[in-house]
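Summary of the model geometry
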Amino acid sequence: MSFMNHRLLDDVSFHPCVRYKRWESERIISFVPPDGNFKLVSYHISSQSMVAIPIYVRPQISFRDGGGRFDLTVGPKQTMGKTIDSVVITAELPKVVLNMNLTPTQGNYSFDPVNKTLTWEVGKKLPSIKGGVSTIDYVSLLYPLGSW
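As the structure is a prediction and not an experimental result, all values here were calculated from the model. Each chain carries its own residue numbering, running from 1 in the written order of its sequence. Owing to the predicted nature of the model, reporting of local features is limited to residues with pLDDT of at least 70; listing and counting of side-chain atom pairs is limited to 80 or more, with chain, interface and lining totals taken over all residues. For side-chain calculations, the full set of non-hydrogen atoms in the structure is used, while hydrogens and water are omitted.

1. Overview of the overall build of the protein chain
Segments assigned H or I by DSSP are reported as helices when at least four residues long, segments assigned E as strands when at least two residues long, and all are numbered from the N terminus. The secondary structure content of the protein chain amounts to two helices and nine strands. Along the protein chain, helices (α) and strands (β) appear in the sequence β-α-β-β-β-β-β-β-β-β-α when read from the amino end. Burial classification: accessible surface area is computed with a 1.4 Å probe over protein chains only, and a residue below 20% of its type maximum counts as buried, one above 50% as exposed, and the rest as partly exposed. By the burial criterion, 26% of the 148 residues in the protein chain qualify as buried. Contacts are assigned to residue pairs with any non-hydrogen atoms lying within 4.5 Å of each other. The contacts of the protein chain with a sequence gap of at least 6 include a subset with a gap of at least 24, amounting to 56%. Per-residue and other accessible areas were derived by the Shrake-Rupley procedure at a 1.4 Å probe size, with only the shown protein chains allowed to occlude residues. Surface summary for the protein chain: the accessible area is close to 10800 Å², and the carbon and sulfur share equals 53%.

This is the structure:
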């Protein structure tokens, strides 16, 4: 497998089955696949690269003191006959978010309250996830009950 413009890829990490020397010399991914499912390569594309990805993400997020709403819809773009194998979405949320109670229409999610990171393992179909967000109630912190 080769890329049209490998310079767009940042932070590339390969499965051990990849012949890394060939990648370094020719920028071609050559590998002997192991048994079962595996992740061949992971990478990031910087925001300056402006590369079209095969999915769209439509977020609708609102915050207010003590809570909020979170609605994230994912769908396919025209993929020219190529299938989407697996989608994982990671979202870093503001420090005011304490917890999330979400209902995905597909897949599983986890929320790390320490790092404020939502990870949603969507899978092959592209659905939505929505629900409530618990936030810090600044009004209660600034003006405790009975202090005004």
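More follows now that the structure is in view.
2. Thoughts on the packing of aromatic side chains
Pairing of aromatic rings covers Phe, Tyr and Trp, the last counted by its six-membered ring, and requires centre-to-centre distances within 6.5 Å; plane angles under 30 degrees mean stacked, over 60 mean edge-to-face, and any other angle means tilted. Per the stated rule, a full pass over the model turns up two aromatic pairs. Seen in terms of ring centroids, phenylalanine 14 and tryptophan 23 are 5.2 Å apart; in terms of plane orientation they differ by 65 degrees. Their pairing is edge-to-face. Given a relative accessible area of 17%, phenylalanine 14 falls into the buried group. In this structure tryptophan 23 comes out as buried when scored by relative accessible area, which is 5%. Site record: aromatic cluster; members linked through ring pairs are Phe14, Tyr20 and Trp23.

3. Considering unusual backbone geometry
At lysine 116, a position not held by glycine, the phi torsion is positive, near 60 degrees. With respect to the helices and strands, lysine 116 occurs in the loop between strand S7 (108-112) and strand S8 (117-123).

4. Quick look at the sheet that holds S8
By way of backbone hydrogen bonds, the strands of a sheet pair with one another, either parallel or antiparallel. Note: two strands are recorded as paired if DSSP finds a minimum of 2 bridges between them. Taken in spatial order, the three strands line up as S5-S8-S7 in an open sheet, and their pairing is antiparallel. The open sheet has two free edges, formed respectively by strand S5 (87-92) and S7, since each of these has just one partner strand. Here the strands of the sheet are splayed against their neighbours by 15 degrees on average, with no regard to which way each runs. Taken together, the five bridges between S7 and S8 define a ladder with antiparallel strand orientation. Interaxial angles span 0 to 180 degrees and are taken between N-to-C directions of axes, which are lines fitted to C-alpha atoms, for helices over the stretch in contact.

5. Some thoughts on the nonpolar core
Residue types Ala, Val, Leu, Ile, Met, Phe, Trp, Tyr and Cys, when buried and joined through side-chain atoms within 4.5 Å, form a set referred to as a nonpolar core. In terms of nonpolar packing, the biggest core is built from 17 residues, with Phe70, Ile89, Leu93, Met100 and Leu118 touching the most fellow members. Looking at this core, the elements that each hand over two or more residues are strand S4 (67-76), S5, strand S6 (97-104) and S8. Apart from residues no more than four positions distant in its own chain, leucine 118 is found in contact with Phe70, Ile89, Thr90, Ala91, Leu93, Met100, Leu102, Tyr109, Ser110 and Phe111. Core analysis: the second largest hydrophobic core is formed by eight residues, Phe14, Cys17, Val18 and Val41 among them.

6. Remarks on the pairing of S4
Within S4, seven of the ten residues are buried, which leaves the element mostly enclosed by the surrounding structure. By the bridge criterion, ten bridges tie strand S3 (residues 55-64) to S4 in an arrangement that is antiparallel. Its bridge partner lying in S4, arginine 58 is registered against threonine 73. In this antiparallel pair of consecutive strands, S3 and S4, the connection spans two residues, and glycine 66 shows a positive phi of 85 degrees.

7. As for the confidence of the model for the protein chain
The predictor reports its confidence for every residue as pLDDT, a score running from 0 up to 100. Across the protein chain, pLDDT averages 76, with 71% of residues at or above 70. The spread of mean pLDDT over the elements of the protein chain runs between helix H2 (residues 138-142), the lowest at 52, and S7, the highest at 91.

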